Amino acid sequence: MLAQLGIDHQVRSIISSSLLAVCSTHVFVSIAWDCQEVVNIKNLMQIDAGLGQVVATDTSQIPYYLVGDEWIRLPGSLKHITVGPAGIWGINKADSIHKYVAGNWVQAAGLLKQLDAGGEQFIVGANVDDTPYCLTRSATVGYKGPGSPLPWTGLPGSVKYSSCGPFGCWAVNKNDDIYLMSLNQDCQNNGWRHIDGKLSMIEVATDGSVFGVNSAGQVYTRDGITASKPEGTGWSNVPMYMPMKHVTYDLGRLWVISNSGFTMVCTH
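Residues numbered from 1 in each chain as written. Predicted model: local features only at pLDDT ≥ 70, side-chain atom pairs only at ≥ 80, totals over all residues. Heavy atoms only, no water.

- The name given to the protein chain in an unreviewed UniProt entry is Fish-egg lectin, with Oncorhynchus mykiss as the source organism.

1. Focus: the overall build of the protein chain
Then, number 1: Of the regular secondary structure elements, the protein chain holds two helices and 24 strands.
Then, number 2: Relative to its 268 residues, the protein chain shows a buried fraction of 51%.
Then, number 3: As presented, the protein chain carries roughly 11,500 Å² of accessible surface, and 52% of it is formed by carbon and sulfur atoms. (Helix = DSSP H or I, 4+ residues; strand = E, 2+ residues; numbered from the N terminus. Buried < 20%, exposed > 50% of the residue type's maximum accessible area, 1.4 Å probe, protein only. Areas by Shrake-Rupley, 256 points an atom, 1.4 Å probe, with all protein chains shown as cover.)

2. Things to note about the side chain of Arg 222
Then, number 1: Turning to its location among the elements, Arg 222 is positioned in strand 20 (residues 219-223).
Then, number 2: Within the local environment of Arg 222, its side chain forms a polar contact with the side chain of Asp 196, the two groups lying 3.2 Å apart.
Then, number 3: A polar contact of 2.8 Å, which involves the side chain of Arg 222, links it to the backbone oxygen of Glu 231.
Then, number 4: Once residues lying within four places of it in the same chain are set aside, the contact partners of Arg 222 are Trp 170, Ile 195, Asp 196, Val 210, Glu 231, Gly 232, Thr 233, Gly 234 and Trp 235. (Polar contact = N/O pair within 3.5 Å; in protein donor to acceptor, adjacent residues only side chain to side chain. Contact = heavy atoms within 4.5 Å.)

3. Structural notes on the state of the cysteines
Then, number 1: Under the criterion given, the structure shown has three disulfides.
Then, number 2: Sequence-ordered numbering of the bonded cysteines in the protein chain gives a pairing of 1-6, 2-5, 3-4. (Disulfide = S-S within 2.5 Å.)

4. Some thoughts on the nonpolar core
A general feature of soluble globular proteins is that nonpolar side chains tend to end up buried together.
Then, number 1: Core analysis: the largest hydrophobic core is formed by 30 residues, its most contacted members being Trp 170, Ile 202, Met 240, Leu 254 and Val 256.
Then, number 2: Residue assignment for this core shows that the elements contributing at least two residues are strand 15 (168-172), strand 16 (177-183), strand 18 (201-204), strand 19 (210-213), strand 21 (234-238), strand 22 (244-250), strand 23 (253-258) and strand 24 (263-267).
Then, number 3: Not counting residues within four places of it along the chain, the set of residues in contact with Leu 254 comprises Trp 33, Phe 211, Val 238, Met 240, Val 247, Thr 248, Tyr 249, Met 264, Val 265 and Cys 266. (Core = buried A, V, L, I, M, F, W, Y, C linked by side-chain atoms within 4.5 Å.)

5. A short note on the sheet that holds strand 23
Then, number 1: A sheet is described by the order of its strands in space; here four strands give the open sequence 1-24-23-22, paired in antiparallel fashion. A strand with exactly one partner marks an edge of an open sheet, and here the two such strands are strand 1 (34-37) and strand 22. Each neighbouring strand pair of the sheet contributes to a mean axis angle of 25 degrees, computed without reference to strand direction.
Then, number 2: Bridging between strand 23 and strand 24 involves four bridges; their strand directions are antiparallel. (Pairing = 2+ DSSP bridges. Axes fitted to C-alpha atoms, helices over the stretch in contact; angles between N-to-C directions.)

So, in structure tokens, the structure goes:
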């Protein structure tokens, strides 16, 4: 983004240093995060990380896969992409669902506006009416193209964004209310449990960590999550230099995208 504004390398370095200083000033009031600009990708719209892999889409709906420091363009056009134990899946502008198989996208039955591959090899997602769905582990892992069984299971409630991890699935609805559900590989569940707070989007990491962004662009993480206490104990703010719109976390790295498409990776 800085390069697009015509700012030279020296000025960019000063701004990046200031960014780190801003993060550092919050050491005594919140979690200390060291944030750095991701300089080799611009105008990202959405990003997802899981099992050491990172995928993203930009505002032109071009999907990418991170290899080293290089963002490799994937085939096709996607508005949403996800990676995790269930593989790599994506959704295009028509809400058509696709799975990445042997270097190509194969279409799957159904229509969703968002989906997540972070569960224990099962998929969750929501359609344009905010109806949540789940795809069992056997159907998710075994799907290789048209003809494979794809029995989507409807879930209770109404959610606009959902994400799963080892200790459960988290979701937010159109009012930014937050919910947690215990969901197994066969899509059996005990319903949604309301959690305090307000978030516009939420992501669960492979290790069970939970991060989200609220309507003001502030980033939060859920504290105290364990297998015996999957709901955790409370929310902590992750200080950011600018309002954010999307967040994902994996293996100690927090990836965030600003409202203007500026991307950072943060560690602590």
